[in-house]
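Here's the letter readout for the chains.
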Amino acid sequence: MHFIDAHCHLDRFPDIPSAARQAREAGAKSVVSSGYDLPSSLASLEAAREFPGFIHACVGLAPTTAMGMPEQELLETLAQLKTLARNAVAIGEIGLDYHWPSKAGEIDAQKKSFSAQLDLAMEAGLPAVIHSRKAEEDAIRMLLEKGVRKAALHFFSGTPAQAERAAAAGHLFTVPPIRSKTRAETVSRIPLDLLLLESDAPYAGKTPADCLKSAEFVAEAKGISIHEALKATTENAKRFFSLGSGKESD
Ligand SMILES: [Zn+2]
């Protein structure tokens, strides 16, 4: 029972080595820890250095972090992320989140940061991991307009039709351990080779092992065995993040 956790936040764990050990014991082949600001991106890179080949890092500035940043700080952060991207397997999590903005300009600031980081991903030849809360339409439109080649929509809560549009352009979806009727419909409609597992621990799931619940969910929605779901999503994650190609260890 092997799996790859395509999205979690190891920096939020009090003890990363023990979280890594538990993940391995539960069957994780790899764990991808995602940044959402500079400190969490650095912490994810540090964890990846400590567990080479097992932990991999994404670096990025989440929309809710970006929207409160003064212009100058945003530019400096983006420049630093560009340097950090050399040791990352993806740029993430980045995107749009319309749940929180209350002031004029906050959504514009999110879009600016998202757009700059999609450019960064493309320049660096890295995939992007996308957060799109209540902003799926705009997030997918920006991906398509910019011609981003490889993105994974994390914790996707949009409509199955929106998901199909992103899937038609070759984008992937990380399936969380939280079920919903709409998400089951989405998963059933998206080709198996575009699905990844995520725990989003310690938020949606408690630990990376909760990817096994995501795998069960995928298996049910697709009418396949859990073994098939694990096997396919593991291969998809290796391909998406270019794991095992040597690219991730630098
Ligand atoms: Zn996350």
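Since we're looking at a predicted model, the values are computed, not measured. Residues take numbers from 1 onward in each chain, read along the sequence in its written order. At least 70 in pLDDT is required for a residue's local features to be given in this predicted model, at least 80 for side-chain atom pairs to be given and counted, and no such filter applies to totals for whole chains, interfaces and linings, which use all residues. Heavy atoms throughout the structure, all of them, feed into the side-chain values; hydrogens and water do not.

Chemist: How should the overall build of the protein be read in this particular structure?
Modeler: Segments assigned H or I by DSSP are reported as helices when at least four residues long, segments assigned E as strands when at least two residues long, and all are numbered from the N terminus. A count of helices and strands for the protein gives 10 helices and eight strands. The atom set for the radius of gyration is the C-alpha atoms, and the globule formula is 2.2 Å times the number of residues raised to the power 0.38. Relative to its length of 250 residues, the protein is compact, with a C-alpha radius of gyration of 17 Å against a globular reference of 18 Å. With the C-alpha coordinates aligned to their principal axes, the bounding extent of the protein is approximately 50 × 40 × 30 Å. Taking the intrachain contacts of the protein between residues at least 6 apart in sequence as the baseline, contacts between residues at least 24 apart amount to 69%. All accessibility values rest on the Shrake-Rupley procedure with a 1.4 Å probe; residue burial counts only the protein chains present in the view. By element, 53% of the accessible surface of the protein is carried by carbon and sulfur atoms, the whole surface being about 10,800 Å². The sign given to each residue is positive for Lys and Arg and negative for Asp and Glu; His and the chain ends receive no count. Note on charges: their place is set at NZ of Lys, CZ of Arg, CG of Asp or CD of Glu. One finds the centroid of the 28 positive side-chain charges in the protein at a distance of 3 Å from the centroid of its 32 negative side-chain charges. We call two residues in contact when some of their heavy atoms are within 4.5 Å.

Chemist: How should the pairing of strand E4 (residues 90-97) be read in this particular structure?
Modeler: Moving residue by residue along a regular strand, the side chains alternate between the two faces of the sheet. Burial classes follow relative accessibility: with a 1.4 Å probe on protein chains only, a residue under 20% of its type's maximum area counts as buried, one over 50% as exposed, and anything between as partly exposed. Burial runs high along E4: eight of the eight residues are buried. Pairing analysis gives two bridges linking strand E3 (residues 55-59) to E4, with the strands arranged parallel. Looking at E4, one finds that Val59 is bridged to Ile91. The criterion for strand pairing is that DSSP finds at least two bridges linking the strands in question. When E4 meets strand E5 (residues 128-133), the two strands line up parallel, connected through five bridges. Bridge pairing links Ile91 to Ala128 in E5. For the handedness criterion, the strands are oriented away from the viewer, and a crossover whose path from the first strand over the helix to the second runs clockwise is classed as right-handed. The parallel pair E4 and E5 is bridged by helix H5 (residues 106-124), and the resulting crossover is right-handed.

Chemist: I tried to follow the coordination of the zinc ion on my own but got confused; where do I start?
Modeler: Geometry reference: four tetrahedral donors at a metal, ideal angle 109.5 degrees. Six octahedral donors, ideal angles 90 or 180 degrees. Taken together, His7 (NE2), His9 (NE2), Glu93 (OE) and Asp200 (OD) make up the protein donors of the zinc ion, found 2.1 to 2.5 Å from the metal. The donor set comprises N, O and S atoms within 2.8 Å of the metal, extended to 3.2 Å for Na, K and Ca; water molecules are omitted, so apparent gaps in a site may simply reflect that omission. Geometry is assigned from donor-metal-donor angles: four donors are tetrahedral when every angle falls between 85 and 135 degrees, four are square planar and six octahedral when opposite donors sit over 155 degrees apart with all other angles between 65 and 115, and any other arrangement is irregular. The site at the zinc ion holds four donor atoms, and with the angles between them running 84 to 173 degrees, its shape is irregular. In primary-sequence terms, the residues that donate to the zinc ion follow H-x1-H-x83-E-x106-D. A residue pair is termed long-range when its members are at least 10 positions apart, and Glu93 in strand E4 and Asp200 in the loop between strand E8 (195-197) and helix H9 (211-222) qualify at 107 residues. The pair formed by Glu93 and Asp200 is uniform in burial state, with each residue classed as buried.

Chemist: Which parts of the structure should I look at to understand the pattern of salt bridges?
Modeler: Side chains that carry opposite charge are capable of pairing whenever their charged atoms lie near each other. In the sections that follow, a salt bridge refers to a side-chain nitrogen of Lys or Arg positioned within 4 Å of a carboxyl oxygen of Asp or Glu. Tallied over the entire structure, the rule returns 14 salt bridges. Across the pair Lys103 and Glu106 runs a salt bridge, and its minimum N-O distance is 3.9 Å. The network of salt bridges with shared partners includes Lys111, Asp138, Arg141 and Glu145.

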